[in-house]
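Structural overview
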Amino acid sequence: MDTEEEASGQMTDEIYTNGGDDESLSQQQQRRPIISGEQLDIEAYAALYTGRTKISRLIFIADKCGNVSMQLEALRMAYDEIKKGENTQLFREVVQKIDGRLGPNYGADSGWMDAVDRRADQRKEKLENELNAYRTNLIKESIRMGYNDFGDFYYAHGALGDAFKNYVRTRDYCTTAKHIIHMCLNAILVSIEMGQFAHVTSYVSKAEQNKNDLDPITIAKLQCAAGLAHLEAKKYKHAARKFLETAPELGNNYSEVIAAQDVATYGGLCALASFDRAELKAKVIDNINFRNFLELVPEVRELIHDFYSSHYASCLDYLGNLKANLLLDIHLHDHVEMLYTQIRNKALIQYTHPFVSVDLNMMANAFKTTVAGLQKELEALITDNQIQARIDSHNKILYARHADQRKATFQRVLQTGVEFDRDVRAMLLRANLIKHDFNLKASRKI
Amino acid sequence: MNLNVNSVDSLVAEIQGLSGSSQDVNHLNNLLKQSEDVIRSQAASFASCLTQLEPSIHSLGYLYVLEACTAGPIPEAQANELVLSVVRFIDVCSVEQIRLVPDKFISICKRLHEQVMKLGAPMRAVAPLLTAIRKIQPSPEHLTPLHPDFLQVCLLAKCYKIGYSILEDDVYEVDQPRDFFLYCYYGGMICIGQKRFAKALELFHNVVTAPMSSMNAIAVEAYKKYILVSLIHLRQFSATFPKYTSSVAQRNLKNFSQPYIELANSYSTGNISELEAFVQANQEKFENGNNLGLVKQVVSSMYKRNIQRLTQTYLTLSLQDIANTAQISTAKEAEMHVLEMIEDGEIYATINQKDGMVRFLEDPEEYKTCEMIEHIDSSISRIMKLSKKLTTMDESMACDPLYISKVGRERQRFDFDDFDGVPQKFNL
């Protein structure tokens, strides 16, 4: 095993201590702003997103980070962002969270709220009048627009349920495939915000039915949405496939949902956790499209390459460094633990695979753990029949176990014989019992 | 020709005269059947003629009279005498003659069973009932109504070994489902006594999956024991029924054996202290079901299960580590468990007492010895015989007019009544 990268092991401990004084690191940070071993640069992170997701992500970070200065920073940016929009409900929430800690400039601005609410009421009235007019005239296209405007209006004001209803209502008035796709994209956007990923899947498939009218960017958007839905449903393999298929045209075009960097991270981690070696090579490492995404997040690229070239220590280091920031990701945080265990198990299995015997001390070294801990992990994997080996705990050596085909066959044959014997006898008995019942009924009838 | 049964003497004379050739005996049977009521109504006076008949030669006549004498209520004072005479008769009677009237023979055996139970001496009926079963059985495949009685007295007299001897015959021909249920239930308990858990499991399984149209207590008790034996022997229990189980059993059995299902759930977690706490909390329920002994065996099998799991993962392991992983309190105790399992052939291992290490080995069986080949050979021939039986049964069923008429009716229904919404299944 390569051990030159061991030195970076302590970095996990320093996640919360700001490492900005190191010049090369801060340079790196500028280049790849979202995910690195360092504390999350919220400003750079937030710049990747637009619209409502930016605010929800900031609030999510504020809730989860457990670090006061970071929390206030996130809340301050969320406050500024909301002020640009019209969502007074979210505004109240954030103000409550800030709780006056950011000084008088970030208080409950009741004047602004009143103005926004008043404008909203006026606009709503206007929209209603318009829609009613369209409906009496029965102009399909105008009705569709009317509902769409209503959807936009509700979305801007944070009434996601109503927004979803209005977007879906436009469906009856869609005349071209483009309209349907537009409706689906709106529905997907709102569903993701609401966390209703079942809707996401169904609207993605609905949109994909109109193959001819999809431009590359829309396809990429739909793939991302489907990937997110699979990720939420814990179908990591499907999620990985979707993210890996995403075309680089996505760019910054879907920033109201996902950034290109996220595609790389989600796709990379899901692929590591669920693909075998051959698939990893073919679909991730040799995938030119996905390489573009990976370039945005070099850590993920590096860790995938390390995994593939069996440099598990450095791969696990990278993973450890990334963990704190991944936990702050609004979509990934729930799955980090599971993905990490799966990746680690995969690594353990791959490590032991080519050997007849493995020295546990060396292996523990490679995986940065103690022999006892490693033994426990291996034990679980062997019990699960994922590794065919046995542990010599006296000499701390793992021996591969090569099944004796002849013996196993004999055993199986005898076992099958015994089972067949027992089952047939039981069956004959039951048949006779049923026959007896039969006879009894028949004789009664006669 | 009518039999003159008005006097005891003439009856004796007839019986003595007609007990020679099989033709005569058949004739006698007809005569006796006609005068059965007379004999029965005057049983007391006919009792004296028993002394004049030789049970080994005049079995048929003797059986008629004996059955009549024992039909009524028997005073306690005579019980002992009755038991003696029935036992003597069973011992010497002629097989050909008693098979003419199996009902009567079974009825006196049932009386014998009843009386020994009343006398509280089940042991006295063990040997006679075994003889009786062998004599009345047309073939070892037939289940007689005496089977459950015999197994019950064996259980009560703790003669498990002799009871087990009859369980080794495979039974196929069953007349009364109730006999079959009891046979399997008692048989299963005898197998538990003999530690033949696989056979016990098979018997209980037969009860649980037997076709039944309503729930019965035997099935419920058998299911409870099935759970426990499954845990002891297989170290696991699957709560799903095979699909051929009757729907009544599938629906109800679990409700009636809740604590046992919970015990199995607790067992599957592999946590000994949790299991012990559960057993402690439900001790009364298990005690009421007379299953506490088995439950305790379940607990101790848990240790073995945990040790056996280790053999899959480890080549060597210290006794202390075994104790820790299998949740055994001391290394010494762990050593005892390992030793026991090695002796029982459940695991293959050597203990190195010097440094307290256990070395787990592979199964040393190489499948090369003569004994093994012989064993395989006999298994093959046994299974071939069984397959032949299956084919015969299939053929006979395909020719059974009752079956054909039912299936024919069903097929017709499929063909012609596809558009008929009312199910006609119920107007059979």
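Residues numbered from 1 in each chain as written. Chains lettered and ligands numbered in written order. Predicted model: local features only at pLDDT ≥ 70, side-chain atom pairs only at ≥ 80, totals over all residues. Heavy atoms only, no water.

Turning next to the pattern of salt bridges. Opposite charge on two side chains permits them to pair, given that their charged atoms come into close proximity. Following the criterion strictly, the structure yields 37 salt bridges over all chains and no others. Where A:R57 meets A:D329, a salt bridge forms, and the shortest distance between an N and an O atom there is 3.8 Å. In this pair, A:R57 sits in helix α3 (residues 51-64) while A:D329 sits in the loop between α17 (312-326) and α18 (336-352), placing the two residues 272 residues apart along the sequence. The salt bridge partner of A:E141 is A:R144, with a shortest N-O separation of 3.3 Å. Of this pair, A:E141 and A:R144 both sit in helix α7 (residues 140-156), three residues apart, which is roughly one turn of that helix. Bridged by salt links that share partners, the residues A:D421, A:R425, B:D170, B:E202 and B:R382 form one connected network. (Salt bridge = Lys/Arg side-chain N within 4 Å of Asp/Glu carboxyl O. Helix = DSSP H or I, 4+ residues; strand = E, 2+ residues; numbered from the N terminus.)

All names here are of chain A. Tallying each qualifying case throughout the model produces 26 aromatic pairs over all chains. Residues Y147 and Y173 carry aromatic rings whose centres are separated by 5.9 Å and whose planes lie at 25° to one another, so their mutual orientation is stacked. With Y147 in helix α7 and Y173 in the loop between α8 (160-169) and α9 (177-194), this pair connects stretches of sequence that are 26 residues apart. Under the relative-accessibility criterion, Y147 is labelled buried at 5%. Using a relative accessible area of 22% as the deciding quantity, one classes Y173 as partly exposed. (Phe/Tyr/Trp six-rings, centres within 6.5 Å; stacked < 30°, edge-to-face > 60°. Buried < 20%, exposed > 50% of the residue type's maximum accessible area, 1.4 Å probe, protein only.)

Interface size is commonly expressed as the accessible surface area that is lost when the partners come together. Taken together, the contact between chain A and chain B spans 36 residues of the former and 51 residues of the latter. Among the residues of chain A in contact with chain B, A:R390, A:R425 and A:L433 are the three that bury the most area, contributing 16% of the side total. The tally of links from chain A across to chain B stands at four salt bridges. Across the pair B:E362 and A:R390 runs a salt bridge whose closest N-O atoms are separated by 2.9 Å. Taken together, the connections running from chain A to chain B amount to 16 residue pairs in polar contact (both at pLDDT 80 or more). Broken down by secondary-structure element, the contributors of at least two residues to the side of chain A that touches chain B are α20 (371-383), β2 (389-392) and α21 (405-445) of chain A. For the side of chain A that touches chain B, the per-class residue count stands at 17 nonpolar, nine polar and ten charged. Here β2(A) runs beside strand β1 (residues 314-318) of chain B; their pairing, made up of two bridges, is parallel. Paired with A:D392 across the strands is B:T316, a residue of β1(B). (Contact = heavy atoms within 4.5 Å. Buried area = accessible area lost by both parts, 1.4 Å probe. Polar contact = N/O pair within 3.5 Å; in protein donor to acceptor, adjacent residues only side chain to side chain. Nonpolar A, V, L, I, M, F, W, Y, C, P; charged D, E, K, R; others polar. Pairing = 2+ DSSP bridges.)

On to the confidence of the model for chain A, then. Of all residues in chain A, 89% attain a pLDDT of 70 or more, and the chain-wide mean is 82. Note that residues 1-37 of chain A has pLDDT below 50 and, in this model, 59 contacts with residues that lie over four places away or in other chains. (pLDDT = per-residue confidence, 0-100.)

The next thing to look at is the state of the cysteines. Overall, the coordinates contain zero disulfides over all chains when judged by the stated rule. Distance from the sulfur of A:C184, which forms no disulfide, to the nearest cysteine sulfur (A:C174) is 8.1 Å. B:C159 supplies the cysteine sulfur nearest to B:C154, a cysteine that is in no disulfide, at a spacing of 5.8 Å. Using a relative accessible area of 0% as the deciding quantity, one classes B:C154 as buried. (Disulfide = S-S within 2.5 Å.)

All names here are of chain A. Side chains A389 and I391 project from β2 onto one buried face, and the interleaved R390 and D392 project onto a second face that is buried too. Strand direction decides the pairing type here: β2 and strand β3 (residues 397-400), joined by four bridges, are antiparallel. Bridging across to β3, A389 finds its partner in A400.

Residue and element names in this part refer to chain B. Phi at K195 is positive, roughly 60°, even though this residue is not glycine. Among the secondary structure elements, K195 is positioned in the loop between α12 (177-193) and α13 (197-209). By relative accessible area, K195 is classed as exposed at 53%. Phi at N290 is positive, roughly 55°, even though this residue is not glycine. Here N290 lies in the loop between α18 (283-288) and α19 (292-313). Among the residues examined, N290 registers a relative accessible area of 67% and is labelled exposed.

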